[in-house]
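Now for the letters of each chain:
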Amino acid sequence: MVRNVAGLLPELETEDFYLLSGVEQGMRFSEWVQREKLPKFSSLTEEEVDYRLERCLKRGLVEKKTIQYEGYTLQFEGYDILALRALVEQDTISEFGSPLGVGKESDVYEVKSYKPHALKYHREGYTNFREVHKERDYTSDNEHVSWMYTARKAAEREYDILEELYPDVSVPRPIGQNRHAIVMEKMDGVELSRTKLEDAQVLGVLDLLVREVARAYEEGYVHADMSEYNVFVSEAGVKVFDWPQAVPTDHENADEFLRRDLTNIVGYFRRKYPKHVPDELESDDVAESVADGSFETVTDV
């Protein structure tokens, strides 16, 4: 888990952010930015760069490495604080709260503006960069690609998809985005994996979830990573989150991903509630009905 840097905001000065932004700019071309290039990238004097580097190194926002040259790179904490400051300056965030969830590819915190929201930092590529770069469509072979680039593109992609799907599909309302961070509505309810449904609720919740998959398909997207871990269940219904890996329905593997999503969901309900999911309910049949637009209810498949 990358540490929460919100507490550092009051300590940092404008010139510290010039330095961090300068390192960020240099990382577009190389993972390690040469020390002598930082005055140009940050618009600071040589002396000011040295002073700001010392402050940022002390706070764990940048890392130093001597290879053939003295180089500097952003730590994820440095990237976090750049995004956080931008969102505060945009009045998207006014208060920072406690963690809501920590995963392999994201950290989520409660934040506030006029009401509670959720701030999601994308972490794609930080620890498994090669694997993510190979699997995700939004990485590029035409420029220097780093964990920073990969995480930012994931956030941009997810934010764009949420904007396209909301409100026709039950997804978190997107509020703001900067670098690798997204601000969205804070979801009510409990994660499906931690929910114990009453007998009478099982097929109803499964039906609601497949309806959202069908609506997303109608809007042009397949989630491509559906599971019980990215669905929230509340009295108001279900909400599907985590969309950075979604593919458009004209993607060459869209039908395969749709079948896999529905196999995961139907399989989860069948394992957890075996007495309530009909044996004749086949995920391939559900996927076919979603793809051809004929889906009505899971009991009719």
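About the thresholds
- Residues numbered from 1 in each chain as written.
- Predicted model: local features only at pLDDT ≥ 70, side-chain atom pairs only at ≥ 80, totals over all residues.
- Heavy atoms only, no water.
- Phe/Tyr/Trp six-rings, centres within 6.5 Å; stacked < 30°, edge-to-face > 60°.
- Buried < 20%, exposed > 50% of the residue type's maximum accessible area, 1.4 Å probe, protein only.
- Lys NZ or Arg CZ within 6 Å of the ring centre and 35° of its normal.
- Domains from an automatic or database assignment.
- Contact = heavy atoms within 4.5 Å.
- Buried area = accessible area lost by both parts, 1.4 Å probe.
- Salt bridge = Lys/Arg side-chain N within 4 Å of Asp/Glu carboxyl O.
- Helix = DSSP H or I, 4+ residues; strand = E, 2+ residues; numbered from the N terminus.
- Pairing = 2+ DSSP bridges.
- Patch = residues over 30% accessible without salt bridge, like charges linked within 9 Å, V, L, I, M, F, W, Y side chains within 5 Å.
- Areas by Shrake-Rupley, 256 points an atom, 1.4 Å probe, with all protein chains shown as cover.
- Lys, Arg positive; Asp, Glu negative; His and termini not counted.
- Charge placed at Lys NZ, Arg CZ, Asp CG, Glu CD.
- 1 Å grid on protein atoms, 1.4 Å probe; cavity = no way out; pocket = protein on both sides within 12 Å on 5 of 7 lines; lining within 4 Å.
- Points joined across faces, edges and corners; volume = space filled by probe spheres on them.
- Nonpolar A, V, L, I, M, F, W, Y, C, P; charged D, E, K, R; others polar.

Brief notes about the packing of aromatic side chains
For any pair of aromatic rings, the description consists of the separation of the ring centres together with the inter-plane angle of the planes.
(1) Moving on: A full pass over the atoms with the stated rule returns nine aromatic pairs.
(2) Moving on: Ring geometry for Phe269 versus Tyr273: centroids 6.0 Å apart, planes at 40°, classification tilted.
(3) Moving on: Judged by relative accessible area, which is 0%, Phe269 ranks as buried.
(4) Moving on: The rings of Phe76, Tyr79 and Trp147 are connected pair by pair, giving a single aromatic cluster.
(5) Moving on: Taking the ring centre of Phe17 as reference, the NZ or CZ of Arg85 above it sits at 4.2 Å.

Notes on the domain arrangement of the protein
(1) Moving on: Along its sequence, the protein is organised into domain 1 (6–185) and domain 2 (190–292).
(2) Moving on: The straight-line distance from the C-alpha centre of domain 1 to that of domain 2 is 32 Å.
(3) Moving on: Every contact between the two is made by 19 residues of domain 1 and, on the other side, 17 residues of domain 2.
(4) Moving on: Each partner contributes to the roughly 1500 Å² buried at the junction of domain 1 and domain 2, and carbon and sulfur atoms together form 56% of this total.
(5) Moving on: For the pair domain 1 and domain 2, the number of links is two salt bridges.

Side note on the pattern of salt bridges
(1) Moving on: Counted by the stated rule, this structure contains 20 salt bridges.
(2) Moving on: Close ionic contact of Arg52 with Glu15 constitutes a salt bridge, the shortest N to O distance being 3.8 Å. Of this pair, Arg52 sits in helix α3 (residues 46–58) while Glu15 sits in helix α1 (residues 14–26), placing them 37 residues apart in sequence.
(3) Moving on: By relative accessible area, which is 5% here, Arg52 ends up buried.

Let's talk about the environment of Gln25
(1) Moving on: Inspection of the secondary structure assignment puts Gln25 in helix α1.
(2) Moving on: Spatially, the C-alpha atom of Gln25 lies 23 Å from that of Arg3, the residues being 22 residues apart in sequence.

Some points on the sheet that holds strand β11 (residues 231–234)
(1) Moving on: In spatial order, the strands read β9-β11-β12; together these three strands make up an open sheet with antiparallel pairing. Whereas interior strands pair on both sides, the edge strands pair on one side only; in this sheet they are β9 (190–191) and β12 (237–240).
(2) Moving on: Bridge analysis of β9 against β11 gives two bridges, and the strand direction is antiparallel. In the sheet register, Val190 faces β11, and the bridge partner there is Val233.

Digging into a negative patch on the surface
(1) Moving on: On the surface, Asp279, Glu280, Glu282, Asp284, Asp285, Glu288 and Asp292 cluster together into a negatively charged patch.
(2) Moving on: Topologically, Asp285 is positioned in helix α9 (residues 283–291).
(3) Moving on: According to the relative accessible area criterion, Asp285 is partly exposed, its value standing at 37%.

What about empty space enclosed by the protein?
Any empty space left between atoms is shown by rolling a water-sized probe over those atoms.
(1) Moving on: Taken as a whole, this structure holds one cavity of 30 Å³ or more when the rule is applied.
(2) Moving on: Volume-wise, the largest cavity comes out at about 50 Å³.
(3) Moving on: Of all the secondary-structure elements, those providing two or more residues to the lining of the largest cavity are α7 (202–218) and β10 (221–222).
(4) Moving on: Residue contributions to the lining of the largest cavity peak at three residues, all from α7.
(5) Moving on: Counted by class, the lining of the largest cavity contains eight nonpolar, one polar and one charged residues.

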